[in-house]
Amino acid sequence: MEKRIAICPGSFDPITKGHLDIIRRAATLFDEVIVLIMVNYTKANTAFTAAERVEMARRVTSDIPNVRVDYYAGLLADYARQQGACTLVKGLRAVTDFEYEFQMALTNKKLYPSLETLFLTTDIQYMYLSSSVVRQVASFGGDISEFVCPELLEDIQKRLAPASGALPNA
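Thresholds applied
- Residues numbered from 1 in each chain as written.
- Predicted model: local features only at pLDDT ≥ 70, side-chain atom pairs only at ≥ 80, totals over all residues.
- Heavy atoms only, no water.
- Salt bridge = Lys/Arg side-chain N within 4 Å of Asp/Glu carboxyl O.
- Helix = DSSP H or I, 4+ residues; strand = E, 2+ residues; numbered from the N terminus.
- Buried < 20%, exposed > 50% of the residue type's maximum accessible area, 1.4 Å probe, protein only.
- Pairing = 2+ DSSP bridges.
- Axes fitted to C-alpha atoms, helices over the stretch in contact; angles between N-to-C directions.
- Contact = heavy atoms within 4.5 Å.
- Core = buried A, V, L, I, M, F, W, Y, C linked by side-chain atoms within 4.5 Å.
- Parallel < 35°, antiparallel > 145°, perpendicular 65-115°, else oblique.
- Nonpolar A, V, L, I, M, F, W, Y, C, P; charged D, E, K, R; others polar.
- Disulfide = S-S within 2.5 Å.

## Concerning the pattern of salt bridges
Reasoning step 1: What the rule picks out here adds up to 13 salt bridges.
Reasoning step 2: The partner of Glu32 in a salt bridge is Arg68, and the shortest N-O contact between them spans 2.4 Å. Here Glu32 is found in strand β2 (residues 32-38), whereas its partner Arg68 is found in strand β3 (residues 67-72), with 36 residues between them in sequence.
Reasoning step 3: For Arg68, a relative accessible area of 31% translates into the label partly exposed.
Reasoning step 4: Ionic contacts of the salt-bridge type, sharing partners, join the residues Lys3, Glu32 and Arg68 into one network.

## Side note on the sheet that holds strand β4 (residues 87-92)
Reasoning step 1: On the basis of which strands lie adjacent, the open sheet formed by five strands has the order β3-β2-β1-β4-β5 and parallel pairing. Looking along the sheet, the strands with just one partner apiece sit at the ends: β3 and β5 (116-121). Along the sheet, successive strands turn relative to each other by an average axial angle of 30°, direction set aside.
Reasoning step 2: Both β4 and β5 contribute to a ladder of six bridges, which runs parallel. Residue pairing for β5: Leu88 is matched across the bridge by Thr117.
Reasoning step 3: Helix-sheet contacts for helix α1 (residues 17-29) involve β1 (5-10), β2, β3, β4 and β5, and the interaxial angle to β5 is about 125°.
Reasoning step 4: Against the sheet, helix α3 (residues 76-83) contacts β1, β2, β3 and β4, and its axis sits at roughly 135° relative to β3.

## Here's the deal with the nonpolar core
Reasoning step 1: Judged by nonpolar contacts, the single largest core of 35 residues is most densely connected at Ile15, Ile23, Val35, Val89, Ile144 and Ile156.
Reasoning step 2: Listing elements by their share of this core, those giving two or more residues are β1, α1, β2, α2 (50-61), β3, α5 (131-139) and α6 (150-160).
Reasoning step 3: Here the element with the most residues in this core is α1; it accounts for five residues.
Reasoning step 4: Not counting residues within four places of it along the chain, the set of residues in contact with Val89 comprises Ala6, Ile7, Cys8, Pro9, Ile22, Ala26, Phe30, Leu118 and Leu120.
Reasoning step 5: Ile7, Leu36, Ala85 and Tyr112 belong to the second-largest nonpolar core, a separate cluster that totals 14 residues.

## Here's the deal with the packing of α2 against α6
Reasoning step 1: Where α2 contacts α6, the axes come no closer than 9 Å and their chain directions differ by 155°. In terms of orientation, α2 and α6 fall into the roughly antiparallel class. Of the residues in α6, those touching α2 at Glu52, Met56, Arg59 and Val60 are Glu151, Leu152, Asp155, Ile156 and Arg159.
Reasoning step 2: Here the contact of α2 with α6 is built from residues that sort into four nonpolar, no polar and five charged.

## Description of the state of the cysteines
Reasoning step 1: Counted by the stated rule, this structure contains zero disulfides.
Reasoning step 2: Cys86 takes part in no disulfide bond, and the closest cysteine sulfur to it belongs to Cys8, at a distance of 12 Å.

This is how it looks when you write it as structure tokens:
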């Protein structure tokens, strides 16, 4: 029987508890799950480098034996073909996520016809959560401990929290 490989792609800037929930659930459905850190060309700047995002994803998935983390800057369909993946796993928080993800699923299917996309709805406790929310709350010094894994909390706060006493740019 052929090994069933799935890819959980994203920019993961930073990886959140919501992302990890989708990854863990995907790991129960497939023989191997690749968490693929990608470049999102619609986002001009990232808070963390690609290498940092890979390292953070590896830290929070190290206890899941059938998950590995990789980085790719090309077409997702090309990477999936190279890896022999059968499925892309995408988490959906709300209907607003679906329109974009559906368009991407159709594009990937056109580029790699044997590739399926599986949409997993986010656990209700993470429906509001995104990397953007984490970055915004952290940039104002807010508590992000409910949003990210404990082993990443300090690193994310150090990077994103405002310097104490610093005046904001005007």
